Amino acid sequence: MIGQRKNRLKLDWIIISIYLLLVGFGVGNILSSSISGEEIYLFDFTKLYGKQFIYAFISLFVGFILISIDVKFYERFSSLFYLLSLILLICLFLFGKRVNGALAWFPIGSFNLQPSEFVKISVALAVSKYISDYQTDLRKISDQAKLFLIILIPIVIIILQNDTGSSIVFFSLFLVLYREGISQNYIKSIFAIIILSIITLKFSLLISSIIAVLFTTAYYFFKGKTKNKIIKIIIVSFLSLTTCFTTTYAYNNILKNHQRNYIKVWLNLEKDPLKIKKMEKTILYNLNESKKAISSGGLMGKGYLKGTRTMGNFVPAQHSDYIFSTVGEEWGFFGSVFIIFLYTMLILRILYLSEIQKNKFSRVYGYSTASILFIHFLINIGMVLGLTPTIGIPLPFLSYGGSSLIAFTILLFVFIRLDANKINEW
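None of the values given here were measured: they were computed from a predicted structure. (Residues numbered from 1 in each chain as written. Predicted model: local features only at pLDDT ≥ 70, side-chain atom pairs only at ≥ 80, totals over all residues. Heavy atoms only, no water.)

**Points about the nonpolar core**
Counted only if it meets this: Residue types Ala, Val, Leu, Ile, Met, Phe, Trp, Tyr and Cys, when buried and joined through side-chain atoms within 4.5 Å, form a set referred to as a nonpolar core. Whether a residue is buried, partly exposed or exposed follows from its accessible area with a 1.4 Å probe, protein chains only, as a fraction of its type maximum: under 20%, in between, or over 50%, in that order. The criterion used for residue contact is that any of the two residues' heavy atoms lie within 4.5 Å.
Residues Val127 and Phe397 are the most contacted members of the largest nonpolar core, which totals 98 residues. Not counting residues within four places of it along the chain, the set of residues in contact with valine 127 comprises Leu147, Ile150, Ile151, Leu173, Leu177 and Val364.

Take a look at the structure:
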C-alpha cells in the first residue's frame, strides 16, 4: 500500500490534466453537434452526448484501474495481448458487422466494438517488448524482419477488412524504430515511396519513371566515392520503377471508386467541370461543409451552441470524424489554436517523459503512444481542413465513440503508469 501511494504521487498530472480537458471538451462539442435546437438533458443516455458521457466515465474508471496495476504486468503479458488482438481481428471475418463498407465492428447489443482501436495498444506493447528484449539486435536483418512482421501482420488483416484508415495509423510506429536506431534508409525509403507515388498519380507513369531514374543516377553520381555505384543505381532505379508501376496498377485496379475519388480530390486530379460539380454534391460535400463551418467561426467563434451550421446539421458525421469543424465554428480561430496547443503539449510531454525513462520498454512504449496520437491528430485535422486525404479516423479524446475513447485512454494511462515507476528503476 505504501508503495502504491508513492506511485500515485509520481503520476504526471500535466498529462492527466490535458487528458481531462480534451475529454471534457469532446463531450461538450459532441453535445453541440448532435442536437438541433432541442432541449438538452445531459443524462439522456439515448442521445449521442449522453452515451459519450457514459464512455468518458467508463474511460476514467479504466484509467484508474490501469494506474493501480503493477508495471511488470504490461511487459510480461504484452505478447499474449498481441496474439489475442490478432485473434479478435480474425474473428471479424466470422462475426463482424460492416459499417460504411468496412468489416471492422462487433455488434454487442446497442454498442459496436471496433477491435482495431485496441489492436494499436497491443502492437505498441509487442513492439516495446521485442525491442527491449536483451536478445534483440536491430542491426540484424533477421531481428528487423521479425519486428516488421509484428507491425505488418495487423495492417494486412485490417486492409483485408477494408478499413484502410485504421491500417495507416500503424505505420507511425516506424518513427519509433527510427528513434531506437534502425537504419535511416528505411525511413528514407518510406518517404521516397510516398513522394514517388504522389508524383505518379499527379502527373503520369512516364514522367515519374523518368524523374526516378534521373534522380537516382544524379544522387549516386554526385555522392562521391561509393562502392558498386553502378549496381546501386540499377537496383534503386529498378525499385523506383516498380513503385511507379505498382502505384498505377493499384490505383486503377485495386482501389475502389470512392477511394480513387478521395485521392482525386486531395491531389486535384479531376479537371472535368461537370464531374467536379457532381463530386461537390457527393464526395466533396462533407469537406466543403466542414471548411465553411470552420471559416464562419472567424477569430472568436459564434459561441457555444450557437453555430448555425452545427445546429443545422450541415456537416455529416460532425460528432465523429469532423468534430474539429464544430470547434472551428463555435470557438473560432483562437479556440482551434487552443485545442491544437493541447495536443501539441500532450505529445511533447509524452516524448519528454519517454526520453528520460531508464527502462527501455517504457521508453519505446512512450514513443509508440506519442506516434499513434500524433498520426491521428495530424490526419484528422488535416482531413477536416482538406490538407490530407479523407480518411475515417477519429480525433483522440474528442470524437464520438466508445471504442476509440476507451482505447485511447488505455493507450495513454498505461504510459502514465509506466512513467510513474521510473524513479524506482534508477
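What follows picks up the thread again.
**What to know about unusual backbone geometry**
Across the chain, the bulk of peptide bonds are trans and the bulk of non-glycine residues have phi less than zero. What counts is decided by this rule: The helix count covers DSSP runs of H or I at least four residues long, the strand count covers runs of E at least two residues long, and both are numbered beginning at the N terminus.
Of note, asparagine 268 is a non-glycine position whose phi angle comes to about 55°, a positive value. Tracing the backbone through its elements, the reader meets asparagine 268 in the loop between helix H13 (257-267) and helix H14 (273-280). Its identity is not glycine, yet phenylalanine 397 carries a phi of approximately 75°, on the positive side. In this fold, phenylalanine 397 is placed in the loop between helix H18 (360-385) and helix H19 (402-420).

**Here we look at the packing of helix H5 (residues 78-95) against helix H7 (residues 141-160)**
The cut-off we apply is this: Here an angle of 0 to 180 degrees is reported between the N-to-C directions of two axes, which are lines fitted to C-alpha atoms, with helices fitted over the stretch in contact. Orientation categories follow fixed angle ranges, with anything under 35 degrees roughly parallel, anything over 145 roughly antiparallel, 65 to 115 roughly perpendicular, and all other angles oblique. Each crossing gets its hand from how the near helix is turned against the far one by less than a right angle, where anticlockwise is left-handed and clockwise is right-handed. In the scheme used here, Gly and all other residues not listed as nonpolar or charged are polar, with Ala, Val, Leu, Ile, Met, Phe, Trp, Tyr, Cys and Pro taken as nonpolar and Asp, Glu, Lys and Arg as charged.
Close contact between H5 and H7 brings their axes to 10 Å; oriented N to C, the two are set at 15°. The pairing of H5 with H7 is recorded here as roughly parallel in orientation. Judged by the sense of rotation from one axis to the other, the crossing of H5 with H7 is left-handed. Contacts from Tyr82, Leu86, Leu89, Ile90 and Phe93 in H5 reach Leu149, Ile150, Ile153, Pro154, Ile157, Ile158 and Leu160 in H7. Residues of the contact of H5 with H7, tallied by class, amount to 12 nonpolar, no polar and no charged.

**Here we look at the pattern of salt bridges**
Defined as follows: Salt bridge, as applied in this entry: a Lys or Arg side-chain nitrogen positioned within 4 Å of an Asp or Glu carboxyl oxygen.
Under the criterion given, the structure shown has 9 salt bridges. We note a salt bridge from arginine 139 to aspartate 137, for which the minimum N-O separation is 3.0 Å. Take arginine 139: its relative accessible area is 72%, and that puts it in the exposed class. With a closest N to O distance of 2.8 Å, glutamate 289 and arginine 309 form a salt bridge. Pair noted here: glutamate 289 is in helix H15 (residues 285-296) and arginine 309 is in helix H16 (residues 308-311), with a separation of 20 residues, a long-range link.

**A closer look at the packing of aromatic side chains**
This is how the line gets drawn: Between the rings of Phe, Tyr and Trp (Trp by its six-membered ring), a pair exists once the centres lie within 6.5 Å; its type follows the angle of the planes, with under 30 degrees stacked, over 60 edge-to-face, and the other angles tilted.
Overall, the coordinates contain 17 aromatic pairs when judged by the stated rule. Taken together, a centroid distance of 5.1 Å and an interplanar angle of 45° make the contact between phenylalanine 25 and tryptophan 331 tilted. Of this pair, phenylalanine 25 sits in helix H2 (residues 13-33) while tryptophan 331 sits in helix H17 (residues 323-355), and the two are 306 residues apart along the sequence. Relative accessible area serves as the criterion here: at 17%, phenylalanine 25 is assigned to the buried category. Its relative accessible area of 33% is what places tryptophan 331 among the partly exposed residues. Here the aromatic rings of phenylalanine 148 and phenylalanine 174 are separated by 5.6 Å at their centres, their planes lie at 40°, and the arrangement is tilted.

**Focus: the environment of glycine 386**
The topology assignment puts glycine 386 in the loop between H18 and H19. Overall, the relative accessible area of 30% leaves glycine 386 in the partly exposed class. On a C-alpha basis, the gap between glycine 386 and leucine 287 in space is 6.8 Å, while along the polypeptide they are 99 residues apart. Non-local contacts of glycine 386, meaning those with residues more than four positions away in its chain, are made with Trp266 and Leu287.

**Focus on the sheet that holds strand S2 (residues 102-108)**
Put simply, the test is: At least two bridges found by DSSP between two strands are what make those strands a pair.
Spatial strand order, S1-S2-S3: 3 strands in an open sheet with antiparallel pairing. The open sheet has two free edges, formed respectively by strand S1 (97-99) and strand S3 (111-113), since each of these has just one partner strand. Within the sheet, the average angular offset between the axes of one strand and its neighbour, ignoring direction, is 55°. Sheet topology places S2 next to S3; 3 bridges connect them, and they run antiparallel. Each residue of the ladder has a partner; that of proline 107, found in S3, is asparagine 112.

**Quick notes on the side chain of serine 172**
Quick reminder of the rule: Under this definition, polar contacts are N or O atom pairs within 3.5 Å; protein pairs additionally need one hydrogen-donor-capable and one acceptor-capable atom, and for neighbouring residues in sequence, both atoms have to be side-chain atoms.
With respect to the helices, strands and loops of the structure, serine 172 is situated in the loop between helix H8 (164-169) and helix H9 (173-179). Residue classification places serine 172 among the buried residues on the basis of a relative accessible area of 4%. Only 2.6 Å separates the side chain of serine 172 from the backbone oxygen of valine 169, close enough to count as a polar contact. Not counting residues within four places of it along the chain, the set of residues in contact with serine 172 comprises Ser371, Ile372 and Ile375.

**Section: a nonpolar patch on the surface**
Just so we agree on the cut-off: Like charges within 9 Å and nonpolar side chains (Val, Leu, Ile, Met, Phe, Trp, Tyr) within 5 Å are joined into patches, using only residues over 30% in relative accessible area that form no salt bridge. We get accessible surface area from the Shrake-Rupley algorithm with a probe of 1.4 Å; when it comes to residues, only the shown protein chains can shield them.
On the surface, a cluster of nonpolar side chains totalling about 570 Å² of accessible area is made up of Phe43, Phe45, Phe53, Ile54, Phe57 and Ile58. Positionally, phenylalanine 53 belongs in helix H3 (residues 48-66). Using a relative accessible area of 31% as the deciding quantity, one classes phenylalanine 53 as partly exposed.

**Quick look at the pairing of S2**
With 3 bridges joining them, S1 and S2 adopt antiparallel strand pairing. Counted as the bridge partner of lysine 97 is tryptophan 105 from S2. Joining the antiparallel neighbours S1 and S2 is a turn of 2 residues, in which asparagine 100 adopts a positive phi near 55°. Where S2 hands over to S3, the hairpin turn is made up of 2 residues, of which glycine 109 adopts a positive phi near 65°.

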